[in-house]
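Each chain, written out:
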Amino acid sequence: MITGIYSTNVDEKGRILLPSRMRQALQSQELVVLPGLDENHLMLMTPSYFEDRFSQAVLSSDTAMFDSRKRSLIRRLIAPAVYIEQDASGRINIPLNLREKFSVVAKCEVTLVGTGFAIEVWNSDIYNKAMEDESESISSLADKLGSM
């Protein structure tokens, strides 16, 4: 399980050093980077999770191609996904187009958030603002989850 919240900086070459605990939890040198579900961050996950669980949830039926909402999800989540490798030091280099779109640019601070199955990669300013704007309490969210 991937957990923890860490701050780090994007180096001048656009690389991000993953904390050792996150690297250990991932247990994979290869990762998949894709847009986050909240549309203001990126997600990193192992290829096996991406292929076996995440993609299958989006492509969950034989008729997915006939559902306009699923096609939109496929274009926005699955299509831009890129397989990347960690280097020997545990650094990753996210493609420039994704870094620019999600404000994860050279020399900026990023926040890495372990969500159990993935790592969210946020520009720290955007992450801090999102957390400030989160108005629903943990108790309220837990109540809603319990009633599902």
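A brief look at the structure comes next.

### Let's talk about the environment of Ser-55
One can find Ser-55 in helix 2 (residues 47-58). Judged by its relative accessible area of 6%, Ser-55 is buried. Linking Ser-55 and Ile-78, residues 23 residues apart in sequence, is a C-alpha distance of 6.9 Å. Discounting residues that sit within four places of it in the chain, Ser-55 has contacts with Phe-50 and Ile-78.

### Looking at the packing of aromatic side chains
Enumeration according to the criterion identifies four aromatic pairs in this entry. Ring plane angle 90 degrees and centroid distance 6.2 Å describe the contact between Phe-50 and Tyr-83, whose orientation is recorded as edge-to-face. Remark: Tyr-83 occurs in strand 5 (residues 82-85) and Phe-50 occurs in helix 2; sequence separation between them is 33 residues. Relative accessible area serves as the criterion here: at 39%, Tyr-83 is assigned to the partly exposed category. Through a chain of ring-to-ring contacts, three or more aromatic side chains come together here, namely Phe-50, Phe-54 and Tyr-83.

### Digging into unusual backbone geometry
What you tend to see is this: most non-glycine residues have negative phi, and most peptide bonds are trans. The phi torsion at Gln-27 lies on the positive side, around 50 degrees, for a residue other than glycine. With respect to the helices and strands, Gln-27 occurs in the loop between helix 1 (20-26) and strand 3 (30-35). Although it is not a glycine, Glu-39 sits at a positive phi angle of roughly 70 degrees. Inspection of the secondary structure puts Glu-39 in the loop between strand 3 and strand 4 (42-45). The exposed category is assigned to Glu-39, whose relative accessible area is 57%.

### Notes on the pairing of strand 3
Among the six residues in strand 3, five count as buried, and that is most of the element. Sheet analysis places strand 3 next to strand 4, joined by four bridges and oriented antiparallel. Note that in strand 4 the partner of Pro-35 across the bridge is Leu-42. Linking strand 3 to strand 4, which pair antiparallel, is a turn of six residues; within it Glu-39 sits at a positive phi near 70 degrees.

### Some details on the sheet that holds strand 4
The pairing of strands in a sheet comes from backbone hydrogen bonds and takes either a parallel or an antiparallel form. Overall, antiparallel pairing links the six strands, which are arranged 1-7-8-4-3-5 in an open sheet. With one partner strand each, in any of the chains shown, strand 1 (5-9) and strand 5 form the two edges of the open sheet. Ignoring which end each strand starts from, the neighbouring axes of this sheet average 30 degrees apart. Running at roughly 55 degrees to strand 3, helix 2 makes contact with strand 3, strand 4 and strand 5 of the sheet. The strands touched by helix 5 (residues 124-133) within the sheet are strand 1, strand 7 (109-114) and strand 8 (119-123), with strand 8 carrying the most contacts at an inclination of about 100 degrees.

What counts and what doesn't
- Residues numbered from 1 in each chain as written.
- Predicted model: local features only at pLDDT ≥ 70, side-chain atom pairs only at ≥ 80, totals over all residues.
- Heavy atoms only, no water.
- Helix = DSSP H or I, 4+ residues; strand = E, 2+ residues; numbered from the N terminus.
- Buried < 20%, exposed > 50% of the residue type's maximum accessible area, 1.4 Å probe, protein only.
- Contact = heavy atoms within 4.5 Å.
- Phe/Tyr/Trp six-rings, centres within 6.5 Å; stacked < 30°, edge-to-face > 60°.
- Pairing = 2+ DSSP bridges.
- Axes fitted to C-alpha atoms, helices over the stretch in contact; angles between N-to-C directions.

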